[in-house]
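Read off the chains here:
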Amino acid sequence: MTLAQKGRWTTVVALVCLAAVYVRALAFTPVERLQGPAQKIYYLHVPAAIWTETAMILVGLASIFYLFLKDARLDRFAEASAEVGTVFATIVLTTGPIWGKPIWGTWWTWDARLTSTLLLFFLYVGYLLVRGAVRDPGLRARYAAVLGICGMCLVPFIHLSVFMFRTLHPQPIILKPSAPSLPGSMLATWLFSLAAFTLLYVGFVIQRYALSLGREAHGGGSPGHV
Amino acid sequence: MSEVPQNASYMVAAYVITAVILVGYAVSLYRRTNKP
């Protein structure tokens, strides 16, 4: 089995798991009394946000190691993780306002959490644009690595922004020092969704990595050879 | 006792958009990998 096929099968399994998450969240998880059905957006929004941030941390770490080791596999992984992170960031930035409208009464507000997440999305897009614009593989990898490290530095600020500033965005109810403030059935659905998103990230990254390998084999150029 | 808000349409919209984005990206990866 090739790398691309492994990634494809992982993605198929992840999409089946996500379908099961949809069924569990929509049919078997209780409706929150104050927010109503819109609260169920939580089961997609938060796992997508966690992987948006984790993907950028992994891009940054791979970029740091690439600058020292000049190993093309690290650059290839960073590129794959950035593209998948952009997809998850798109989900966060669409589901967030859809959730915000019925609960906050507005689609968008320029508070610290929302604005910094939008900035992270622009960094992702900038990262991919740089990769598309620079022809020299070595330069492309180095420029992209710098952007990847900048993105990684932004992630802790995004997570802590709700503690540092007065924001409309609520504070974490699971990723916090004390115990999660969710009932057991809701927490189980959320953990199931997080597992599905984790599997999706892995499947997508393997496929995207295999795609880069294929392009290099057809003359795309590897930064490790420069 | 207050009634539960009737905002299921927002939930449906978010779930549909998420599915479209994820399946769309999966198809895009498949097509790019199998491009001759």
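For the structure itself, look to the data block above.
Notes on the structure follow. Every chain's residues receive numbers from 1 upward, in the order its sequence appears when written. Just so you know, chain letters begin at A and ligand numbers begin at 1, following the order they were written in. Reporting of local features is limited, given that this is a predicted model, to residues whose pLDDT is at least 70; pairs of side-chain atoms are given and counted only at 80 or more, and all residues count toward the totals for whole chains, interfaces and linings. Each side-chain value is worked out from all heavy atoms of the structure, with water and hydrogens disregarded.

### Focus on the overall build of chain B
Piece 1. Strands here mean DSSP runs of E at least two residues long; helices mean DSSP runs of H or I at least four residues long; both are numbered from the N terminus. When its secondary structure is counted, chain B shows one helix and zero strands.
Piece 2. If one aligns the C-alpha atoms of chain B with their principal axes, the spans along those axes are about 65 × 10 × 5 Å.
Piece 3. Accessible surface is estimated by sampling points in the Shrake-Rupley manner with a 1.4 Å probe; for residues, cover comes only from the protein chains shown. Surface exposure of chain B reaches about 2400 Å², of which carbon and sulfur atoms provide 65%.

### Some points on the layout of surface pockets
All names here are of chain A.
Piece 1. As defined here, a cavity is a set of points on a 1 Å grid over the protein atoms alone where a 1.4 Å probe fits but cannot get out. A pocket is an open set with protein on both sides within 12 Å along at least five of seven lines, and residues line them when an atom is within 4 Å of a point. Grid points are joined across faces, edges and corners, and a volume is the space filled by probe spheres set on the points. Volume-wise, the largest pocket comes out at about 850 Å³.
Piece 2. Lining the largest pocket are 39 residues, and of these His45, Val46, Trp99, Arg113 and His169 lie nearest its centre.
Piece 3. Put simply, the parts of the chain that give the lining of the largest pocket at least two residues each are helix H2 (42-69), helix H3 (72-104), helix H4 (112-133) and helix H5 (137-164).

### Quick look at helix H1 (residues 8-33) of chain B
Residues spaced three or four apart along an α-helix point in a common direction, a consequence of the helix completing one turn every 3.6 residues.
Piece 1. With 26 residues, H1(B) should reach 38 Å at 1.5 Å per residue; the first-to-last C-alpha distance of 38 Å fits that figure.
Piece 2. Only protein chains enter the accessibility calculation, which uses a 1.4 Å probe. A residue is then buried if its area is under 20% of the maximum for its type, exposed if over 50%, and partly exposed in between. Buried residues of H1(B): B:Met11, B:Ala14, B:Tyr15, B:Thr18, B:Ile21, B:Leu22, B:Tyr25, B:Ala26 and B:Leu29, and no others. Any helix carries an expected span of 1.5 Å times its number of residues minus one.

### Overview of the environment of A:Ala145
Residues and elements named next belong to chain A.
Piece 1. The residue alanine 145 is located in helix H5 in this model.
Piece 2. Exposure remark for alanine 145: the relative accessible area of 3% places this residue in the buried category.
Piece 3. A C-alpha to C-alpha distance of 37 Å links alanine 145 and glutamine 39, two positions 106 residues apart in sequence.
Piece 4. Any two residues whose heavy atoms approach within 4.5 Å at even a single point are treated as in contact. When near neighbours in sequence (up to four residues on either side) are disregarded, alanine 145 contacts Ser63 and Leu67.

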